[in-house]
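Working through the structure, step by step
Chain by chain, the residues:
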Amino acid sequence: MPTIIDGKKTSQDIKNEIAARVAEIKSEGGKIPHLAAILVGNDGASQTYVGAKVKACHEIGFESTLVRMEDTVSEEELLAKVEEINENPDIDGLIVQLPLPKHISVEKVTDKIKPEKDVDGFTPANVGRMALNWPAYVAATPYGIVELLKRYQIETSGKHCVVIGRSHIVGSPMSILMARNGYPGNATVTLTHSRTQNLKEIAQTADILIVALGKPEFVTADMVKPGAVVIDVGIHRVEDSSKKSGFRLIGDVKFDEVAEKASAITPVPGGVGPMTIASLLYNTLLAAERKVYG
Ligand code: NAD
């Protein structure tokens, strides 16, 4: 049996570590980390995600502010709100939940967030700093994967890492992080995407396979080298009448058959997913303690 990389437990460990640091800060009379989230509109999934982030802040002793805006809000009003939070010295980190309504430019809003408060790691400043291997806020999902590799002591140096998917929030930063000079890193990286030819043959040569293409159970056992480490980022709901909720979650990897060949694998649910909130909280702690920008 492979090692099951347990994101649920690891994320709880990280939250406990952050909560312990918050308790220390409190006893020293220091400033409690404060995260602000802007949520535009009433999208169900977005409300759930933001709700979970606010709840996690509460659990570990952070302060949080949720700013809700109607989906009819103008771009100017949203930019003004971002600016107001940028200038509020009490708030350490700011996230704007995506997606935004079509009439609002995600680029303009992202670019407005002060890099020092950009705990989602989406601004050009933080993406650039990450690429330069400078201190940076790394986006939550790639950061969560890095932390899992570290805590499970997965060897990455000199390994061939194949990343499937080149999105700005997962695949692309993951490829940069795995190639950089450090640990985890120093891997030889192949970044694959929808135009890649011979994906199966390339995947078969991966010592570490990071899968983030958003297609249910796309990666099958015949695409995986025996002994590979497989990180599954995908999340999909499929109907399942045997569940009380009526659905279950699956990933981009066909877990049962790939687990038989892999040396280590992340499950879905309970793998990469739970790590994202822990990463966001960690970035907010770094922001409050001025650890990235000094
Ligand atoms: P995306 O749709 O933005 O990007 C998908 C990428 O996959 C693209 O770069 C595309 O070129 C590539 N791709 C598509 N079809 C391909 C194919 N047949 N072969 C090779 N490459 C192909 O997706 P994303 O935002 O990176 O998310 C990917 C998956 O991860 C989704 O299922 C999403 O729900 C999930 N996700 C999970 C978390 C988490 O917390 N676990 C976070 C973000 C995204």
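Residues numbered from 1 in each chain as written. Predicted model: local features only at pLDDT ≥ 70, side-chain atom pairs only at ≥ 80, totals over all residues. Heavy atoms only, no water.

The condition is simple: UniProt positions are given in the numbering used here, feature names are shortened, and annotations may be inferred rather than shown by experiment.
You'll find the protein entered in an unreviewed UniProt entry as Bifunctional protein FolD, with Algoriphagus formosus given as the organism. Looking at the protein in UniProt, the text filed under Sequence similarities (unreviewed entry) is "Belongs to the tetrahydrofolate dehydrogenase/cyclohydrolase family." Taken directly from UniProt, the Subunit (unreviewed entry) text for the protein runs: "Homodimer."

**Remarks on the UniProt feature "binding site: NADP(+)" (unreviewed entry) in the protein**
Rules: Classification of residues uses two cut-offs on accessible area relative to the type maximum, computed with a 1.4 Å probe and protein chains only: under 20% is buried, over 50% is exposed, and between them is partly exposed. Contacts are assigned to residue pairs with any non-hydrogen atoms lying within 4.5 Å of each other. Here a helix means four or more residues in a row that DSSP labels H or I, a strand means two or more in a row labelled E, and each is numbered from the N terminus.
The UniProt entry lists Gly165, Arg166, Ser167 and Ile235 under the feature "binding site: NADP(+)" (unreviewed entry), expressed in the numbering used here. When its relative accessible area of 9% is taken as the criterion, Gly165 is described as buried. If sequence neighbours within four positions are ignored, Gly165 has contacts with Gly171, Ser172, Leu191, Thr192 and Ala212. If you trace the backbone, Ile235 turns up in the loop between β8 (229-232) and β9 (236-239).

**Quick word on the packing of helix α6 (residues 140-151) against helix α7 (residues 171-179)**
So the rule is basically this: Only the stretch in contact is used when a helix axis is fitted, and all axes are lines through C-alpha atoms; the angle between N-to-C directions ranges over 0 to 180 degrees. What makes a crossing left-handed is the near helix being turned counterclockwise from the far one by less than a right angle; a clockwise turn instead makes it right-handed. Basically, the charged four are Asp, Glu, Lys and Arg, the nonpolar ten are Ala, Val, Leu, Ile, Met, Phe, Trp, Tyr, Cys and Pro, and anything else, Gly included, counts as polar.
The contact between α6 and α7 brings their axes to 9 Å, and the two run at 35°. Taken as a pair, α6 and α7 cross one another with a handedness that is right-handed. Where α6 approaches α7, its residues Pro142, Ile145, Val146 and Leu149 are matched on the opposing element by Pro173, Met174, Leu177 and Met178. Of the residues contributing to the contact of α6 with α7, the split by class is eight nonpolar, no polar and no charged.

**Quick look at unusual backbone geometry**
Here the amide bond leading from Leu98 into Pro99 is cis, since omega sits at 5°, within 30 degrees of zero. Relative to the assigned elements, Pro99 resides in the loop between β4 (93-96) and α4 (106-112). Residue Pro184 is reached from Tyr183 by a cis peptide bond, and omega for that bond is -10°. Relative to the elements of secondary structure, Pro184 occurs in the loop between α7 and β6 (188-192). A positive phi angle, close to 50°, is found at Gln153, a residue other than glycine. Topologically, Gln153 is positioned in the loop between α6 and β5 (160-164).

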